[in-house]
Amino acid sequence: MMSKVEKTYTTKANFMLHGGDYNPDQWLDRPDILADDIELMKLSHTNTFSVGIFAWSALEPEEGVYNFEWLDQIFENIHGIGGRLILATPSGARPAWMSQKYPEVLRVNGSRVKQLHGGRHNHCFTSEVYREKTGQMNRLLAERYGNHPSLLMWHISNEYGGECHCHKCQRAFRNWLKEKYNNDLKALNDAWWGPFWSHTYSDWSQIESPSPIGESAVHGLNLDWRRFVTDQTIDFYKNEIVPLREITPQIPITTNFMADTFDLIPFQSLDYSKFAKHLDVISWDAYPAWHNDWESTADLAMKVGFINDLYRSLKQQPFLLMESTPSGVNWHEVNKAKRPGMHLLSSMQMISHGSDSILYFQWRKSRGSSEKFHGAVVDHDNSSENRVFKEVAKVGQTLEKLSDIVGTNRPADVAILYDWESNWAINDAQGYGLKTKQYPQTLQQHYRPFWEKDIPVDVITKEQDFAHYKLLIVPMLYLVSEDTIARLKTFVQNGGKLVMTYISGIVNEHDLTYLGGWHKDLQEIFGMKPVETDTLYPKDRNRVTYRNQSYELKDYATVIDVNTATVDGTYEEDFYATTPAVTRHNFGEGASYYIGGRLDPQFHDDFYQELIDELQLKPVQTVKHGKGVSVQVRQAPESDYLFVMNFTEEKQPISLNDKVKDLVSGEEVTGDLTLDVYEVRILEKSK
């Protein structure tokens, strides 16, 4: 059932992009530094640079006074060495003159306090002035550089995020609500459960965005505000790209998505499933805290793989790594340097999951301000002889041998459903365990058995097609609309296997609970219904017997009323001891599985191994290896490309069944090999 193996070139480049954010506007008074940059670019085997991201004050130092000559020279310098440029629109940070003259561009926070000029991501997305100014600037950039032979892509703004609560945004929010609810205030009051605390609105003008000094406990309001913030951010973005689409329709467009660095979960503030529809290419900024002291290197690598597979799956095509660090950053709690070998390994992991680039923030370390100690290709020593620069050059040399992999994808028979709206709603719910909901982390734990067994997974969203997957996993899908339930029902009826867990199917798209117990269609699909959820304290434990094995349970246990389902697992303790904990139900041509409690990793291994065997799910290419080694494959019509990666601090034996070509050394290898600490082997298996 895997999707067709074919190549999709997301940019005009048929080579791996290597380079990153270049800020020559910080060094315009140092022509010697700018000259050194060009020589160091050649030595580092880099080929692509993102410019102009925060350069507005250098491009327009005074209103209507433009200075593009320095950027002209940068284009020519990089073009002269055969490099490519990703040109950014500079809306991520405004010049001070604009904030001073047009204070409406400044954001107002949730407490209704006007913000001062400073920082970045600090502009009102609704402001007509800011939209006009960004449109003017972007038109000038497109007219001046749109036909330059080195222009590869547009990079729109930078890491969109945040929100504004000014009067313009309040008006826009009310208009958004009027459109959503067909100008029917009763429909809004019904959706938001208006009688609660006498919060029924009698006029649209009474509605305010959530605020710590006002309303924050109406969950329907909170959910719609988050949806509005996403839509308004996208609308601002769409305004930015109008002149670019008009003048340079041939140039692809991206903006850089993010992830939460500490937990390494998807960025929470915007619904990227909506944003992705408006981009030509997905790109994201990855900053894992390698070598931390709370998890193993392999556990962290698994989380990176999950995010990669989510962002790749948003458009089912290769993505770009827009930002990463060659070593440390400057904003982790502990800014630890990458150990020798980790930079190549972590870079190749990105490529293995579908990236066609390794790009950095930043090319050269700033001399002053908050990012002067953030990792970079060129350090303050301006040298090509330090360890980090040499490791970057090694990555570049490796990427130069991987051009045939560009455009290839990773078809999958397994999908895990991630939903931003459901995460918003469950985090807002004043119930369960406030610290143990952990929706994204739970999905990663269901992803882990497949990652460890080298079985490819798509991490999809509810809008995407389920039909071609053999197995669909929907853990903790707290918010689910009747439309999505109907699509899940069709999926199982037509032969799919569906896995659902505790705290699923609780509320509809308005964050209103389903009445009468679990939704009738879910009861039909699963042959049972959950009747009570027990929330455990952090130290509480229970156990579940499944297939005559005992597994530890923590955090959540669902009391289940079985109708036609088969009971495969039962609780061992508490008032629901001996009652169903894991069920299976044949429905139509397919089957459904319900896991009632949060169970230990060994349960996930054993439970999913049964489904893997039943569905004959296999790695694309089999490599025998131990725990902590990951094998990820990108597929082309003529070849499979294997990335065999050691995410441990020990040497690891592996065994190859077939003769393959090592793309770095050029040699043919087979049989038993040993991977060094953090080593990666990149292999080609011809079909």
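Refer to the structure above for everything that follows.
Right, let's walk through the structure included here.

Thoughts on helix α10 (residues 297-313)
Okay, step 1: Over its 17 residues, α10 runs 24 Å from end to end, which matches the ideal 24 Å to within 8%, given 1.5 Å per residue.
Okay, step 2: Counted residue by residue, α10 has 16 buried out of 17 residues, so it is predominantly covered.

Focus: the layout of surface pockets
Okay, step 1: There is about 720 Å³ of room inside the largest pocket.
Okay, step 2: Along its surface, the largest pocket is lined by 27 residues, and Q438, Q441, T442, Q445 and K554 are the ones closest to its centre.
Okay, step 3: Looking at the lining of the largest pocket, the element that brings in the most residues is helix α14 (residues 439-452), giving six residues.
Okay, step 4: Across the lining of the largest pocket, the residue classes tally to eight nonpolar, nine polar and 10 charged.

Focus: the pairing of strand β10 (residues 320-323)
For a regular strand, the rule is simple: side chains alternate between the two faces of the sheet.
Okay, step 1: Where strand β9 (residues 283-285) lies against β10, three bridges are found, and the strand directions are parallel. The residue of β10 that forms the bridge with D285 is E323.
Okay, step 2: Remark: the β9/α10/β10 crossover connection has right-handed handedness.

A word on the pattern of salt bridges
Okay, step 1: Counted according to the given criterion, the structure contains 47 salt bridges.
Okay, step 2: In this structure, E128 engages K168 in a salt bridge whose closest nitrogen and oxygen atoms are separated by 3.0 Å. In this pair, E128 is assigned in helix α5 (residues 128-145) and K168 in helix α6 (residues 167-180), connecting sequence segments 40 residues apart.
Okay, step 3: Overall, E128 belongs to the partly exposed group, its relative accessible area being 42%.
Okay, step 4: For K168, a relative accessible area of 13% puts it in the buried group.

Quick word on the sheet that holds strand β1 (residues 17-22)
Okay, step 1: Spatially, β5-β4-β3-β2-β1-β11 is the arrangement adopted by the six strands of the open sheet, whose pairing is parallel. Edge positions in the sheet fall to β5 (253-254) and β11 (357-360), since each of these pairs with one other strand and no more.
Okay, step 2: Looking at chain direction, β1 and strand β2 (residues 48-51) are connected through four bridges and run parallel. Within β2, the position partnered with G19 by the bridge is T48.

Structural notes on a negative patch on the surface
Okay, step 1: A surface patch of negative charge is lined by D540, E572, E573 and D574.
Okay, step 2: Mapped onto the elements of the fold, D540 is located in the loop between β16 (528-535) and β17 (542-546).

Cut-off values and rules
Residues numbered from 1 in each chain as written. Predicted model: local features only at pLDDT ≥ 70, side-chain atom pairs only at ≥ 80, totals over all residues. Heavy atoms only, no water. Helix = DSSP H or I, 4+ residues; strand = E, 2+ residues; numbered from the N terminus. Expected span 1.5 Å × (residues − 1). Buried < 20%, exposed > 50% of the residue type's maximum accessible area, 1.4 Å probe, protein only. 1 Å grid on protein atoms, 1.4 Å probe; cavity = no way out; pocket = protein on both sides within 12 Å on 5 of 7 lines; lining within 4 Å. Points joined across faces, edges and corners; volume = space filled by probe spheres on them. Nonpolar A, V, L, I, M, F, W, Y, C, P; charged D, E, K, R; others polar. Pairing = 2+ DSSP bridges. Right-handed = clockwise from strand over helix to strand, strands pointing away. Salt bridge = Lys/Arg side-chain N within 4 Å of Asp/Glu carboxyl O. Patch = residues over 30% accessible without salt bridge, like charges linked within 9 Å, V, L, I, M, F, W, Y side chains within 5 Å. Areas by Shrake-Rupley, 256 points an atom, 1.4 Å probe, with all protein chains shown as cover. Lys, Arg positive; Asp, Glu negative; His and termini not counted. Charge placed at Lys NZ, Arg CZ, Asp CG, Glu CD.

Any functional reading would require information beyond the geometric quantities listed.
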